[in-house]
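As a plain string of letters, each chain reads:
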Amino acid sequence: MAKYDVVITGSGLSGLVCGSILAKNGLKVCILEKNSLIGGCLQSFKRKGVVFDTGVHYIGSLDKGQILEKCFKYLGLMDALNFTRMNSDSYDIISFGSSGKEFHHAIGYDKFQENLIAEFPNEKNAIKKYCETLQRVNDSFSMNTSNTIPDSSCFTTSTIAFLKSITDNEKLQSVLAGSNLLYAGVSDRTPMYIHALVNHSYIESAYKIVNGSGQIADFLADIIKNNSGKILLNHEVTRYVHDDSGLITGALTSSGDFVEGDRFISCIHPSLTVGMIDNKYIRKPYAERLANLENTISVFGLYAVMKENSFPYKESNYYHYRDDNVWTIESYDEAVWPENFFLSLASPTDDGKWARGVNVLCYMKYEEVEKWNDTSVGKRGDDYKAFKEKKAQALIKLIEEKFPGFSEMIDSYYTSTPLTYRDYTATVRGSMYGIFHDSKDFMRSHLSVKTKIPNLFLAGQNVSLHGVLGVTINSIVACGSILGLDSLMQKIGIK
């Protein structure tokens, strides 16, 4: 097999972005993917003509001149795909079963503040301070202002501590944190910078990808192949091979192939990566730290094909809670599951008035499906099917609370569990966003794109920040470690 300039493990968003950037800059690239499909969390599937996304339901910072728009423009995605801007007055709707009250998050800081001040007129100063803080945190992380260093307190201050510092109003705190499923938030442990960067991105702008996020994977794969790169499916990396100095010379795969390269980027979970490295070339404390990192919670998914002209379409997402508590990871109780859900609508029918597909996600612990740990997709048994059906009915019952008559509008539905997520995206225990970053012990979970091995780099949702924006940025940083970061940023237009 030929020798490559860069060998990449994993074909999720990070692997494909890294591969595309490096291939566009003349490097010979090979991506090794353990599954038979590329894309990871980008994967979409179709049922009865309706496209469902599995991981990417909406993305932020995509208005002209914003950072993700610049990155996607450089990659060619802005011209290749159809992005639709979400409702400017309410891209996210936060609601509570106890009152039925809705609170609308708007695009643009002026409108965002206006909406919330109308609901909380006595909290004008708190809302203004919240918005100013989010913008300040984002500016300190911006690749445009690399000379600005983030305040260390944003890593060690929890999200709830930040929210309490600006307001005593618990309802406002809940509304501001109502979309915490975007980062699997734990109130007193999730660092405020994660809340700030994620929410800032969507307040800047919020978009959906018409006909599914799987198109991103297909387009980036074409870039790689058109620039003489390769993507090898069903090639799980089992271990890296080193020379006497410790540098990696190649990757051995489950298919028995040895893929030789000069540099390597691992876009899979760090605990899996460290298990592929010869322990002679990595310090034991570092290896143990990576191997024992805590992971974010997983999810249960419901994908419903709706009867025609039954469920109104709106360019908004819904975050609904059974009561006023939005930090449901901490109060997770299987007996009363689910306590909340995130609902996103797939592309509408031709007239734009009615939704044909409804995606619903809610937290689920891996422990609930651990008894089927050693099974594979389609071969988990009748008891697993019964488990999924029981959970689906419980979730539909809560959805009915928000949308009366929902069950009667369903034509058919499909479900996924943490096992599904584990097997299709290769995340440890089906984790939503990889490793958990903890404000109480931030440095333990903080990872750099550079490793202790000079020609091995990390990228993906486990490095700094998850999500489409976070993964794209850390992929650029990883590629910049090879190509030169300043030069690459200038090409992209973010410096």
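Placed above this text is the structure.
Residues numbered from 1 in each chain as written. Predicted model: local features only at pLDDT ≥ 70, side-chain atom pairs only at ≥ 80, totals over all residues. Heavy atoms only, no water.

S.K.: What exactly am I supposed to notice about the overall build of the protein chain here?
M.R.: A tally of helices and strands in the protein chain yields 18 helices and 21 strands. For 495 residues, the compact-globule estimate of 2.2 N^0.38 gives 23 Å, and the protein chain sits close to it at 22 Å. Each principal axis of the C-alpha atoms in the protein chain carries an extent, and together these give about 65 × 55 × 45 Å. The buried share of the protein chain, reckoned over its 495 residues, is 58%. Within the protein chain, contacts between residues separated by at least 24 positions form 72% of all contacts whose residues are at least 6 apart in sequence. Taken as a whole, the protein chain presents about 19900 Å² of accessible surface, with 47% of it coming from carbon and sulfur. (Helix = DSSP H or I, 4+ residues; strand = E, 2+ residues; numbered from the N terminus. Rg over C-alpha atoms; globule rule 2.2 N^0.38 Å. Buried < 20%, exposed > 50% of the residue type's maximum accessible area, 1.4 Å probe, protein only. Contact = heavy atoms within 4.5 Å. Areas by Shrake-Rupley, 256 points an atom, 1.4 Å probe, with all protein chains shown as cover.)

S.K.: Can you help me understand the sheet that holds strand 9 (residues 206-209) in this one?
M.R.: Either a parallel or an antiparallel arrangement is found when strands of a sheet pair, and the pairing is made through backbone hydrogen bonds. Read from one edge to the other, the open sheet built from three strands follows the order 5-9-6, with strand pairing classed as antiparallel. Every interior strand has two partners, whereas the edge strands, strand 5 (59-60) and strand 6 (83-85), have only one. Note that strand 6 and strand 9 share three bridges and pair antiparallel. Note on strand 9: the bridge partner recorded for Thr84 is Lys208. (Pairing = 2+ DSSP bridges.)

S.K.: Hey, could you run me through the packing of aromatic side chains in this one?
M.R.: How two aromatic rings sit relative to each other is set out by the distance from centre to centre and by the angle between their planes. Applying the stated criterion to the full structure yields 25 aromatic pairs. Between the aromatic rings of Phe112 and Tyr130, the centroid separation amounts to 6.2 Å while the plane-to-plane angle is 20°, which identifies the pairing as stacked. Pair noted here: Phe112 is in helix 4 (residues 109-119) and Tyr130 is in helix 5 (residues 124-141), with a separation of 18 residues, a long-range link. For the pair Phe112 and Tyr130, one class covers both residues: buried. Seen in terms of ring centroids, Phe155 and Tyr193 are 5.2 Å apart; in terms of plane orientation they differ by 65°. Their pairing is edge-to-face. Pair noted here: Phe155 is in helix 6 (residues 153-156) and Tyr193 is in helix 9 (residues 192-204), with a separation of 38 residues, a long-range link. Neither residue differs from the other here; Phe155 and Tyr193 are each classed as buried. Taken together, Tyr58, Tyr91, Tyr202, Tyr319 and Phe342 form an aromatic cluster joined through their ring pairs. (Phe/Tyr/Trp six-rings, centres within 6.5 Å; stacked < 30°, edge-to-face > 60°.)

S.K.: Quick question: what am I supposed to make of the environment of Asp441 here?
M.R.: Considering the arrangement of structural elements, one finds Asp441 in the loop between helix 15 (418-425) and helix 16 (442-445). Judged by its relative accessible area of 40%, Asp441 falls in the partly exposed class.

S.K.: Is there a simple way to explain helix 2 (residues 67-75) in this structure?
M.R.: Structurally, the α-helix is built with 3.6 residues per turn, so residues lying three or four positions apart point the same way. For helix 2, a buried count of seven out of nine residues is recorded, marking the element as mostly surrounded by other parts of the structure. Among the residues of helix 2, those classed as buried are Ile67, Leu68, Glu69, Cys71, Phe72, Tyr74 and Leu75. Phi turns positive one or two residues past the end of helix 2, at Gly76, with a value near 95°.

S.K.: Hey, could you run me through the sheet that holds strand 14 (residues 298-306) in this one?
M.R.: A sheet is described by the order of its strands in space; here seven strands give the open sequence 8-7-16-17-19-14-20, paired in mixed fashion. Single-partner strands in this sheet number two, and they are strand 8 (102-105) and strand 20 (410-416). Ignoring strand direction, the axes of neighbouring strands in this sheet form an average angle of 20°. Pairing analysis gives eight bridges linking strand 14 to strand 19 (residues 357-364), with the strands arranged antiparallel. Paired with Tyr303 across the bridge in strand 19 is Asn359. Set on the sheet, helix 13 (residues 382-402) makes contact with strand 7 (92-96), strand 8, strand 14, strand 16 (317-321), strand 17 (340-345), strand 19 and strand 20; between it and strand 14 the angle comes to about 70°. (Axes fitted to C-alpha atoms, helices over the stretch in contact; angles between N-to-C directions.)

S.K.: So what exactly am I meant to see when it comes to a nonpolar patch on the surface here?
M.R.: Among the surface-exposed residues, Leu37, Val377 and Tyr424 lie close enough to one another that they form a single nonpolar patch of about 260 Å² accessible area. Judged by relative accessible area, Val377 falls into the partly exposed class, the value being 41%. (Patch = residues over 30% accessible without salt bridge, like charges linked within 9 Å, V, L, I, M, F, W, Y side chains within 5 Å. Salt bridge = Lys/Arg side-chain N within 4 Å of Asp/Glu carboxyl O.)

S.K.: Explain unusual backbone geometry to me, please; I cannot follow it from the model alone.
M.R.: Backbone phi values are negative for most residues with the exception of glycine, while trans is the configuration of most peptide bonds. A cis geometry characterises the amide bond from Trp337 onward to Pro338, with omega recorded as -5°. Note on placement: Pro338 falls in the loop between strand 16 and strand 17. Located in the positive-phi region is Ser61, a residue other than glycine, with phi close to 55°. Tracing the chain through its elements places Ser61 in the loop between strand 5 and helix 2. Overall, the relative accessible area of 1% leaves Ser61 in the buried class. Its identity as a non-glycine residue notwithstanding, Arg429 has a phi of 55°, on the positive side. Position of Arg429 relative to the elements: it lies in the loop between helix 15 and helix 16.

S.K.: Could you clarify how one ought to interpret the pairing of strand 17 in this entry?
M.R.: Remark: a regular strand shows side chains that alternate across the two faces of the sheet. Of all six residues in strand 17, six are buried, a share of seventy percent or more. Judged by which residues are buried, strand 17 turns out to be covered on both faces: Asn340, Phe342 and Ser344 on one side and Phe341, Leu343 and Leu345 on the other are all buried. As paired strands, strand 16 and strand 17 are joined by four bridges and run antiparallel to one another. Each bridged residue has a counterpart across the sheet, and for Tyr319 the counterpart in strand 17 is Phe342. Pairing geometry for strand 17 and strand 19, over four bridges, is antiparallel. The residue bridging Leu343 from the neighbouring strand is Val360, located in strand 19.

S.K.: Explanation requested: the pattern of salt bridges in the structure shown.
M.R.: Opposite charge on two side chains lets them pair, provided their charged atoms get close. As enumerated under the stated definition, the model contains 18 salt bridges in all. Where Lys48 meets Asp411, a salt bridge forms, and the shortest distance between an N and an O atom there is 2.7 Å. Of this pair, Lys48 sits in the loop between strand 3 (44-47) and strand 4 (50-53) while Asp411 sits in strand 20, placing them 363 residues apart in sequence. Exposure remark for Lys48: the relative accessible area of 52% places this residue in the exposed category. With a shortest N-O distance of 3.3 Å, Glu114 and Lys111 are connected by a salt bridge.

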